[in-house]
Every structure is written in structure tokens, then in C-alpha cells.
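Next come the chains, spelled out residue by residue.
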Amino acid sequence: MINFKRLIPSSLVIIGSLLSITQSQAAEEVNVYSYRQPFLIQPIFDNFTETTGINVNVVFAKKGLTERLKREGKNSPADLVFTVDIGRLDEVVKANVVQGVTTPTLNENIPSQYQGPEGQWYALTTRARVIYASKERVAEGEITSYEDLANPEWKGKICTRSGKHPYNVALIASMIAHHGEAETESWLSAVKSNLAQKPQGNDRAQVKAIKEGVCDLAIGNNYYYGKMLMDKEQSAWAHAVNIVFPNQGDRGTHVNISGISLTKSAPNKENAIKLMDYLSAPMAQKMFAEQNFEYPVKAGVEPSALVSSWGKFKSDALPLKDIAKYRKLAVKLVDRTGFDN
Ligand code: FE
């Protein structure tokens, strides 16, 4: 892959030393396009290189990788796409830039609900969309489900980011998958009328708002709790809330994923599959989940001690590909209910 370095525009960040890219002209390699941040993946890739002798070259970007793969077509140097959210995995499948792959290792390590259609993507970690509840103002057991968020007792007490953020789109899509369109629309309208303020900010900003007394409940991904605890200023926000894993009495908590896809072009297909297998195995699963306070997809691999301390929970077993198909409709419901207004 002599041209890989030259193909990277300056607006993108190259991870890995120049040395490894120079060496890679002669050595085995695999090229990754990643939406995931360098600090999360580099230690695992370094480990893979140590074990296999295969260099991993990474292009990191915050957006536009699907368009890039489309533009590059069969000449793309990329072998793998690394991303978060079922929406983005669905996007690469729909854009026809990835190919299906299946190996005994992937099948053994990754539960089928976390595999894309015909192996077109594989989840590597899960992240739970939890309810953050004020320690001071919400008693334990007072809220136990996403459905509860629609109850009139929470009028003016809920905070959330935009309904159109992929995390909320997936949650709303999961509500449609379980309850149908009409019921989900009523639910969303009721949640809207319970909001303390117009949807704004990110997941962490909602927990901050609880700390400041703006609201009592917020919707957010679980790993932000860990990130807030590790932050000098934000740890006080985390300490103001309890984590509630919704729907433990029925279908389980909605989870989203981070995952990986093999590109259609994949010039280093064999190495790419080796890396996929490697990422699904216990050691990489453990490392990867720990880096960002997420959950390993492989059964029997425990999350970090901190994440474990938040308690075990049951997650929604509905295959994510069955949830993803309602994403478009979910966005429509956000518009129809004026959720973000
Ligand atoms: Fe996030």
C-alpha cells in the first residue's frame, strides 16, 4: 500500500508513526477508516501489530467517511470502517461500500443480534441508553422504564438532547419496533410535554442540568457517567445522579453499539479479517470496552470494575437491524411531535 499516506487529505488525522507507514510498504498491513477517537483504538491496534506483525494504518475523521468510500470506489485503500451507532453502520450498508464476511471466530464471539445482515457489520461493544435520575429528588424505583417518561408526574422535569441525535433516533426507533408508530408518537408527545427545556446540548449537559436543579431526569448513554467521574469539573455532575437501567421488568434496556465493517474494496482483505477476529476475542474485547466504559459484546467478558459497579442489567434482545429499519420513521415522529421545538 505505497499510496496510503498520500491518499489521506490534510484535514484528516493520521494515527500511528511515520515509521510504521514507511515500514508498511514492505510489511503486512491493514487500513482502517475510523470515526472512533484515536485514544480508544490505538492501544488495541498496537497490541494486534505486536501479536501478528501486521501494521494498522488509521485515518480518523469525525464525519464524511461513507462519502469518501463512495468517492474512492474500488480504488479505496480502506479495508475496514470503525464506527459508533447502528445508524452509521446502517449507512455504510445502504451506501453499498461494505461486504459481508463470516468467520467461525466472529460467529462464536459476537451474538447474532449484534451482527449486521449477512455479516456486513459486527458490533464490538454495547452502550446502554440509560435514565439519569437526581439522587436528591427522585426516589429509587420511582422511574423504571422509558414508557414512564411519559407520565404526567414528570411534567417540567425531564432534560434531553435533540430528538434527532442518532442516539435518540435509535431509542425512538426501538420504541416503534416494540409499540408501533401510533403508540410511539403519543409517547413522544407526552415526553415532549414533560421536558424542562427545549432539547439542547449533549448527554453530559443533561446531567449537569440535573445537578443545577433544572430537571430531575435525563436520558443519556451510560459511558458518560464514567467520563464525568474522571473529569475534575464534571464528577460533581455524576455524583448528583443515579443510573437507572430502564425496562428491567420487561424487554430490557435499549443498547446501541460500536462496530466494524469490511469495505467492498478491501485491498488487504485477509489481514482485515484477522483484525476483525482479533477484536472480537476476549483480550481485545476487554481492552476496548474498558477504554470508554462500554460493555464487551462477547458473553463472559466482564466490563471494567467501575462499569460493573453500576450493576448488571438486561438489554433489549431485539436485533439491532430490526430497530435500524425504523430510524427514518423515528425522525419523522420527532418532526411531527415538534419534539425539538
Ligand atoms: Fe457518545
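No experiment lies behind these values; they were computed from the predicted model shown.

1. Some points on the overall build of the protein
Then comes step 1: Secondary structure summary: the protein contains 16 helices and eleven strands in total.
Then comes step 2: In summary, the protein has a C-alpha radius of gyration of 21 Å against a globular reference of 20 Å for 341 residues, a match within 12%.
Then comes step 3: Seen through its principal axes, the protein has C-alpha atoms that stretch 65 × 40 × 40 Å.
Then comes step 4: Counting all 341 residues of the protein, 57% fall into the buried class.

2. Topic: the domain arrangement of the protein
Then comes step 1: In terms of domains, the protein is made up of domain 1 (6-126 + 255-308) and domain 2 (127-253 + 319-336).
Then comes step 2: Listed by partner, the interface residues are 25 residues for domain 1 and 18 residues for domain 2.
Then comes step 3: Together, the buried faces of domain 1 and domain 2 total about 1800 Å²; carbon and sulfur atoms form 61% of this surface.
Then comes step 4: Area buried by domain 1 at its contact with domain 2 is led by Ile86, Val255 and Phe293, which between them contribute 30% of it.
Then comes step 5: Connecting domain 1 to domain 2 are one salt bridge.

3. Here we look at the packing of helix 3 (residues 38-52) against helix 13 (residues 282-291)
Then comes step 1: The contact between helix 3 and helix 13 brings their axes to 9 Å, and the two run at 160°. Judged on the interaxial angle alone, helix 13 and helix 3 are roughly antiparallel. As helix 3 runs across helix 13, the sense of the crossing is right-handed. Contact with helix 3, carried on its side by Phe39, Leu40, Ile41, Pro43, Ile44 and Asn47, involves Met283, Ala284, Met287, Phe288 and Gln291 of helix 13 and no other residues of that element.
Then comes step 2: Across the contact of helix 3 with helix 13, the residue classes break down as nine nonpolar, two polar and no charged.

4. Points about the confidence of the model for the protein
One rule of thumb: low pLDDT means the predicted coordinates there are not for detailed reading.
Then comes step 1: Confidence along the protein averages 92 in pLDDT terms, with 92% of residues attaining 70 or more.
Then comes step 2: Segment residues 1-25 is flagged for pLDDT under 50; beyond a separation of four residues in sequence, or across chains, it makes 39 contacts in the model.

5. What to know about the state of the cysteines
Then comes step 1: Considering all chains together, one arrives at one disulfide under this definition.
Then comes step 2: Note on cysteine connectivity: Cys159 is disulfide-linked to Cys215, with sulfurs 2.1 Å apart. Because the sign of the S-S torsion sets the handedness, a value of about -110° for the bond joining Cys159 and Cys215 places this disulfide among the left-handed ones. Here the residue Cys159 occupies a position in strand 7 (residues 158-159), and Cys215 occupies one in the loop between helix 9 (203-211) and strand 8 (217-221), the gap between them amounting to 56 residues. Side by side, Cys159 and Cys215 carry an identical accessibility label, which is buried.

6. Quick notes on empty space enclosed by the protein
Then comes step 1: Within the structure shown, the criterion is met by one cavity of 30 Å³ or more.
Then comes step 2: Quantified by volume, the largest cavity comes out at close to 60 Å³.
Then comes step 3: Every residue along the wall of the largest cavity is listed here: Thr160, Gly163, Asn168, Leu171, Ile172, Trp187, Leu188, Val191, Ile219 and Phe339.
Then comes step 4: In the lining of the largest cavity, the residues fall into seven nonpolar, three polar and no charged.

7. Focus on the nonpolar core
Then comes step 1: In terms of nonpolar packing, the biggest core is built from 103 residues, with Phe45, Leu80, Phe82, Tyr132, Leu217, Leu275 and Leu279 touching the most fellow members.
Then comes step 2: Residue contributions to this core reach at least three from each of two domains, namely domain 1 (6-126 + 255-308) and domain 2 (127-253 + 319-336).

8. Quick notes on helix 8 (residues 181-194)
Then comes step 1: Taking 1.5 Å as the rise per residue, helix 8 with 14 residues should run 20 Å; its terminal C-alpha atoms sit 20 Å apart, in good agreement.
Then comes step 2: Every buried residue of helix 8 is accounted for by Thr184, Trp187, Leu188, Ala190, Val191 and Asn194. All buried residues of helix 8 fall inside an arc of 165° around its axis, so they share one side.

9. Here's the deal with unusual backbone geometry
Most peptide bonds take the trans configuration, and most residues that are not glycine carry a negative phi.
Then comes step 1: A positive phi angle, close to 50°, is found at Glu118, a residue other than glycine.
Then comes step 2: Looking at where Glu118 falls in the secondary structure, it is placed in the loop between helix 6 (104-109) and strand 6 (122-134).
Then comes step 3: We classify Glu118 as exposed; its relative accessible area is 70%.
Then comes step 4: The backbone phi angle of Phe293 is positive, close to 55°, even though this residue is not glycine.
Then comes step 5: Tracing the backbone through its elements, the reader meets Phe293 in the loop between helix 13 and strand 11 (295-296).

Rules and cut-offs
Residues numbered from 1 in each chain as written. Predicted model: local features only at pLDDT ≥ 70, side-chain atom pairs only at ≥ 80, totals over all residues. Heavy atoms only, no water. Helix = DSSP H or I, 4+ residues; strand = E, 2+ residues; numbered from the N terminus. Rg over C-alpha atoms; globule rule 2.2 N^0.38 Å. Buried < 20%, exposed > 50% of the residue type's maximum accessible area, 1.4 Å probe, protein only. Domains from an automatic or database assignment. Contact = heavy atoms within 4.5 Å. Buried area = accessible area lost by both parts, 1.4 Å probe. Salt bridge = Lys/Arg side-chain N within 4 Å of Asp/Glu carboxyl O. Axes fitted to C-alpha atoms, helices over the stretch in contact; angles between N-to-C directions. Parallel < 35°, antiparallel > 145°, perpendicular 65-115°, else oblique. Left-handed = near helix turned anticlockwise from the far one by under 90°. Nonpolar A, V, L, I, M, F, W, Y, C, P; charged D, E, K, R; others polar. pLDDT = per-residue confidence, 0-100. Disulfide = S-S within 2.5 Å. 1 Å grid on protein atoms, 1.4 Å probe; cavity = no way out; pocket = protein on both sides within 12 Å on 5 of 7 lines; lining within 4 Å. Points joined across faces, edges and corners; volume = space filled by probe spheres on them. Core = buried A, V, L, I, M, F, W, Y, C linked by side-chain atoms within 4.5 Å. Expected span 1.5 Å × (residues − 1). Arc of directions from axis to C-beta.

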